[in-house]
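Chains, contacts and geometry: an overview
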Amino acid sequence: MIPNNSGREQWGSRAGFILAAAGSAVGLGNIWRFPYLAGENGGAAFIFVYILCVLLIGIPVLIAEVLIGRSAHKNPVGSFKSLHPSPFWHSVGGIGVIAGFVILSFYTVVAGWTLGYIYEAINGNLLQYSLPDIAQSHFSDLLADAYWNVGLLTAFMLLTMGIVYFGVQKGIERGSKIMMPMLFILLLVLMIRGLTLDGASKGLEYLFNPDWSKITTGVVLAAMGQAFFSMSLGMGAMLTYGSYMSMKDNLPAASIWIATLDALIAIIAGISIFTVVFATGQNPDVGPSLIFRTLPVVFTKIPGGFYFSILFFIALTLAALTSTVSLLEVVTAYFVDEKGWSRRKAVVVFGFAALLLGVPSALSFNILADFKFGEFTFFDLSEFLSSNLLLPLGGFFISIFVGWVWGFDKVKNEIRQGAESLFDKYPWMLNYWKFILRFVAPVLIIVILLSSIGII
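Analysis parameters
Residues numbered from 1 in each chain as written. Predicted model: local features only at pLDDT ≥ 70, side-chain atom pairs only at ≥ 80, totals over all residues. Heavy atoms only, no water. Helix = DSSP H or I, 4+ residues; strand = E, 2+ residues; numbered from the N terminus. Rg over C-alpha atoms; globule rule 2.2 N^0.38 Å. Buried < 20%, exposed > 50% of the residue type's maximum accessible area, 1.4 Å probe, protein only. Areas by Shrake-Rupley, 256 points an atom, 1.4 Å probe, with all protein chains shown as cover. Lys, Arg positive; Asp, Glu negative; His and termini not counted. Charge placed at Lys NZ, Arg CZ, Asp CG, Glu CD. Patch = residues over 30% accessible without salt bridge, like charges linked within 9 Å, V, L, I, M, F, W, Y side chains within 5 Å. Salt bridge = Lys/Arg side-chain N within 4 Å of Asp/Glu carboxyl O. Phe/Tyr/Trp six-rings, centres within 6.5 Å; stacked < 30°, edge-to-face > 60°.

Moving on, we come to the overall build of the protein chain. If you tally the helices and strands in the protein chain, you get 19 helices and zero strands. Computed over C-alpha atoms, the radius of gyration of the protein chain comes to 21 Å, within 12% of the 23 Å expected from 2.2 N^0.38 for 456 residues, which places it in the range of a compact globule. Dimensions along the principal axes, computed over C-alpha positions, put the protein chain at roughly 60 × 50 × 45 Å. Each of the 456 residues in the protein chain was classed as buried or not, and the buried ones make up 61%. For the protein chain, the exposed area adds up to about 17,200 Å²; of that, 65% sits on carbon and sulfur atoms. Across the protein chain, 26 positive and 25 negative side-chain charges occur, with their mean positions spaced 10 Å apart.

Moving on: a nonpolar patch on the surface. Together, Phe48, Leu52 and Trp212 give the surface a local cluster of nonpolar side chains, amounting to about 330 Å² of exposed area. Under the relative-accessibility criterion, Leu52 is labelled partly exposed at 42%.

Any aromatic ring pair is given by two values, namely how distant the centres are and how the planes are angled relative to each other. Per the stated rule, a full pass over the model turns up 45 aromatic pairs. When the ring of Phe101 is compared with that of Phe350, the centres are 6.4 Å apart and the planes differ by 80°; the resulting orientation is edge-to-face. Separated by 249 residues along the polypeptide, Phe101 in helix α5 (residues 87-122) and Phe350 in helix α15 (residues 343-362) bring together distant segments of the chain. A relative accessible area of 19% places Phe101 in the buried class. Taking the relative accessible area as the measure of exposure, Phe350 reaches 15% and is therefore buried. Considering the side-chain rings of Phe373 and Phe378, the 6.3 Å spacing of their centres and the 55° angle between planes classify their relative orientation as tilted. The rings of Phe106, Trp113, Tyr117, Phe139, Phe292, Phe299, Phe312, Phe313, Phe365 and Phe379 are connected pair by pair, giving a single aromatic cluster.

Nothing here speaks to function; it is all geometry.
Here is the structure:
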């Protein structure tokens, strides 16, 4: 363990931080959500707007969030307490802790499905479905099984707790150094396999030959939302991971690496999926059911489909696990820093607390399907409150805090540490970042918030 002034753990290496933070960002949103959003919103046109939004919102807000954590060397609540006396800003940190905890509870339900589909793939069940409707029916039957849902939720939460239990270096960093390269290699293998299929060029054309007429207000809003949510912004994970950074690390460069890996893996996943979807004559714009409805049919139609179905769902599981680890670390760091708990106690107590909160979400697809809050099941309500409200609010206030409240002279001194040569060479970058945080990011995040709650 490398000590810092606060006595907290730090990452063993800059690469360890980048891989862990990229693992937090790279999740189901990249491999599941990104491909189906691209499919629904015009492929290449969506990708172009998505990359633009990463540059305009994602990277500037990511730098700001990580900077808060690195400067204070504390969890989200403790960081704001260290940097500003107002209880309002302390509550902003609390938004991140609550959001991370709630997201962990329902995200692990979906993550459990990916674990279950590894078994389905190994068992050969995915090769029995020659039509998407049959594959969808099988998925619906699995969701209707309460024991299947809750059992997989439990298994995935225990995996998550096991990694966080061993700490920053021995658990999270070591796990990320294994899982992220594995994920990248698996996706590359799947992409190469897709590129070798007859008709794969249609998938590439769909993804990379933009039809600018496809860029509508809806496409822009979808791309903005994906750029924001896929990078784990506003949920306290990046702030918490930043709190374990050394002041000698080049924070802007590390943030750019994280964003690049996040976008790159999303695009590789898109190539992997759409080359085989087009090569086998399937529909690319079927929405969220693309993974569980279309891909099982795709695997039946390609040579070696049995093996590639297993590899795909292993990759999906790894992506989900690196994200759930970061979510549990947010609440763990809070109780270790603010309440003086041991890491092991915090992981066990709040891992099982998130598991209990996740059970109603897992049962929302079967036993509790008719138990609703208005139009929302428990799963839907958890997702709506955290993803559609708390995350954008967290990102908005982070931008306001760093851009307006903290004091930009202090901000400038903090961000230059470890990156002096970068800002000496490109002095305009600080003013550009300041302008984005003050005027561009807050407006765009408000637009995302209004869009996500259905106002625009």
